[in-house]
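Listed below are the residues making up each chain.
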Amino acid sequence: MSPATATRDAVRVPVAKPAPGRRSRRQAGWTPWLYLAPALAVLGALLVYPIYQLGLISFLEYTQAQVSGGEPTSFQGLGNYSALFSDSEFWSVLLATVVFAAACVLSTLAVGCALAVLLTRVRALPRLALMLAALGAWATPAITGSTVWMFLFDPDFGPVDRVLGLGDHSWTYGRYSAFLLVLLEVVWCSFPFVMVTVYAGIRAIPGEVLEAAALDGASQWRIWRSVMVPMLRPILTVVTIQSVIWDFKVFTQIYVMTNGGGIAGQNLVLNVYAYQKAFASSQYSLGSAIGVVMLLILLAATLVYLRVLRGRGEEEL
C-alpha cells in the first residue's frame, strides 16, 4: 500500500448512519395507520361517497322528472337551501326536533343516573336483575320496541288504558301525548347506556370520600350534587353529548309510533321531515339539503364530543 493511500484511509471520515431509535419511532408512527387501513377503506366506501352524493344532490334540481330521465338535471346552487330556510314549516320542525331531543336527553340522564345510584344501594341479586333488564331494553331493535309500546298503549287492546281507566284514549291523536309516548320509548331504550356508564364512574369514586361526606351529615341528595356530580363531570359530559347525537336523529320511533309524523305532520322531526320531502314528495334535492343541515349540526356536536374525550384523556394522563 502506497503512503498516499494509507494517508487517505487514515483521514477518511465515517458516514453517519441513522440512529436505530429514530428509525424504529418512524416505523412505529406508521404502524397504527396500517392496522386502521382496512377500517378506513370500508368507512370511506360507506360514508365518504354517500355524503358526497348527498351534498351534490342538494345543489341540483333533482325530482322524479330527473330520476326518470324526462328532464335534464340542472345546477341550482344554494337555491334548495334558500327554499328550505324560507319555509316556515322547516323552522317549526327544527324547533320541535330541538325541544323533543332536549326532553329526551334530560329524561334519559335523570332515569339513567337515578338507576345508577340505585345499583350502588341494592344487593348483588337485584343489581344483576336490573342490569339484565336494562341491557335487554338496550339490545331491543328500535322497530321492535316501538311496536311493543304501540301495543301497550293501544286504545282497543292495550293494557295501559285499562289499568289507568282511560277507556279507549288514543295516545297518538294529540300532538303532545304522541310526543310523550315516543319520549317514553326513547328513554326506555336509551337509559341503559347512561346507567351503566355512570355506575362504572360511581364505582371508581373512592369510598372514603363518600363516607366522609356522610359523616359530615350530608344527605344522599347533597352527596350526589356536591360530591358525585363534580367527580363524574367528564363522564356526564360524554353521555350527554352522546345522547344529544342519538336523540337528535330519532327516526324509527317517530315514524312507527306516529304513522309517519302524526296527523297533519304534527309530530314531525327533521329525520322524518327529510324522508317525507325526499320520498313522499319526490323532492330529492330538498330532502338532501335537509340531510346536509342535519349532518352539519351533528358534526358540530361530534366535534364537541371528541374534544371532551380528548380533554378527559389529558386529565387522566
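Residues numbered from 1 in each chain as written. Predicted model: local features only at pLDDT ≥ 70, side-chain atom pairs only at ≥ 80, totals over all residues. Heavy atoms only, no water.

Asks: Lay out the overall build of the chain in plain terms, naming residues and giving numbers.
Replies: Check the secondary structure of the chain and you find 15 helices and 2 strands. Relative to its full complement of 317 residues, the chain shows a buried share of 33%. Taking the contacts inside the chain whose residues are at least 6 apart along the sequence as the reference set, 66% of them involve residues at least 24 apart. Of the roughly 19,300 Å² of accessible surface on the chain, a fraction of 67% belongs to carbon and sulfur atoms. (Helix = DSSP H or I, 4+ residues; strand = E, 2+ residues; numbered from the N terminus. Buried < 20%, exposed > 50% of the residue type's maximum accessible area, 1.4 Å probe, protein only. Contact = heavy atoms within 4.5 Å. Areas by Shrake-Rupley, 256 points an atom, 1.4 Å probe, with all protein chains shown as cover.)

Asks: Got a sec to walk through the packing of helix H6 (residues 124-139) against helix H9 (residues 175-204)? Specific residues and values, please.
Replies: Running from N to C, H6 and H9 point in directions that differ by 135 degrees, and their axes come no closer than 7 Å. By the criterion of interaxial angle, the relationship of H6 to H9 is oblique. Crossing of H6 over H9 shows left-handed handedness. Only Trp 188, Cys 189, Phe 191, Pro 192, Phe 193, Met 195, Val 196 and Tyr 199 of H9 make contact with H6, whose side of the interface consists of Arg 127, Leu 130, Met 131, Ala 134, Leu 135, Ala 137 and Trp 138. Its residues assigned to classes, the contact of H6 with H9 shows 14 nonpolar, no polar and 1 charged. (Axes fitted to C-alpha atoms, helices over the stretch in contact; angles between N-to-C directions. Parallel < 35°, antiparallel > 145°, perpendicular 65-115°, else oblique. Left-handed = near helix turned anticlockwise from the far one by under 90°. Nonpolar A, V, L, I, M, F, W, Y, C, P; charged D, E, K, R; others polar.)

Asks: Kindly report on the side chain of Gln 242, identifying the contributing residues and their values.
Replies: Of note, Gln 242 is situated in helix H12 (residues 233-248). Once you skip the residues sitting within four places of it in the chain, Gln 242 turns out to touch Phe 193 and Tyr 305.

Asks: So what's going on with helix H7 (residues 142-152)? Which residues, and what values?
Replies: Restricting attention to buried positions, one finds in H7 the residues Gly 145, Ser 146 and Trp 149. Buried residues of H7, viewed axially, fall in a sector of 100 degrees; they line one side. (Arc of directions from axis to C-beta.)

Asks: Tell me about the packing of H7 against H9, residues and numbers included.
Replies: The contact between H7 and H9 brings their axes to 10 Å, and the two run at 135 degrees. As summarised for this structure, H7 and H9 are arranged oblique, according to the angle between their axes. In the crossing of H7 with H9, the sense of the turn from one axis to the other is right-handed. Facing H7, whose interface residues are Ala 142, Gly 145, Ser 146, Trp 149 and Met 150, H9 presents Leu 181, Leu 184, Glu 185 and Trp 188.

Asks: Explain helix H11 (residues 220-231) to me, using residue names and the numbers behind them.
Replies: With 12 residues, H11 extends 15 Å from end C-alpha to end C-alpha; this agrees with the ideal 16 Å at 1.5 Å per step. Of all the positions in H11, only Ile 223, Trp 224, Val 227 and Met 228 are classed as buried. Down the axis of H11, the buried set is contained in an arc of 125 degrees. They therefore lie on one face. (Expected span 1.5 Å × (residues − 1).)

Asks: Which residues make up the packing of aromatic side chains, and what are the values?
Replies: The geometry of an aromatic ring pair comes down to the distance between the two centres and the angle between the two planes. By the definition in use, this model includes 19 aromatic pairs. With a centroid separation of 5.8 Å and 55 degrees between ring planes, the pair formed by Phe 85 and Phe 90 is classed as tilted. Given the relative accessible area of 39%, Phe 85 is considered partly exposed. Residue classification places Phe 90 among the buried positions, given a relative accessible area of 1%. Within the aromatic cluster, the residues linked to one another by ring pairs are Phe 59, Phe 75, Tyr 81, Phe 85, Phe 90 and Trp 91. (Phe/Tyr/Trp six-rings, centres within 6.5 Å; stacked < 30°, edge-to-face > 60°.)

Asks: Kindly report on the confidence of the model for the chain, identifying the contributing residues and their values.
Replies: For residues with low pLDDT, the predicted coordinates do not support detailed interpretation. Taken as a whole, the chain shows an average pLDDT of 85; of its residues, 88% reach a score of 70 or greater. When the elements of the chain are averaged for pLDDT, helix H1 (residues 3-10) gives the smallest value, 50, and helix H5 (residues 88-119) the largest, 94. (pLDDT = per-residue confidence, 0-100.)

Asks: Which residues make up the nonpolar core, and what are the values?
Replies: Of all hydrophobic cores here, the largest spans 40 residues; its most connected members are Leu 84, Phe 90, Phe 100, Phe 248, Ile 254, Leu 270 and Tyr 273. Secondary-structure elements contributing two or more residues to this core are helix H4 (79-85), H5, H9, H12, helix H13 (252-257), helix H14 (270-280) and helix H15 (284-316). Take this core: its biggest share by element is 9 residues, from H15. Ignoring any residue separated from it by four or fewer positions in sequence, one finds Leu 270 in contact with Phe 90, Val 93, Leu 94, Thr 97, Phe 248, Ile 290 and Met 294. Membership of the second largest hydrophobic core comes to 25 residues, among which are Val 105, Phe 191, Met 195 and Tyr 199. (Core = buried A, V, L, I, M, F, W, Y, C linked by side-chain atoms within 4.5 Å.)

Asks: Give a description of the side chain of Thr 97 that names residues and reports values.
Replies: Relative to the elements of secondary structure, Thr 97 occurs in helix H5. Those residues in contact with Thr 97, other than ones at most four positions away along the chain, are Phe 248, Val 269 and Leu 270.

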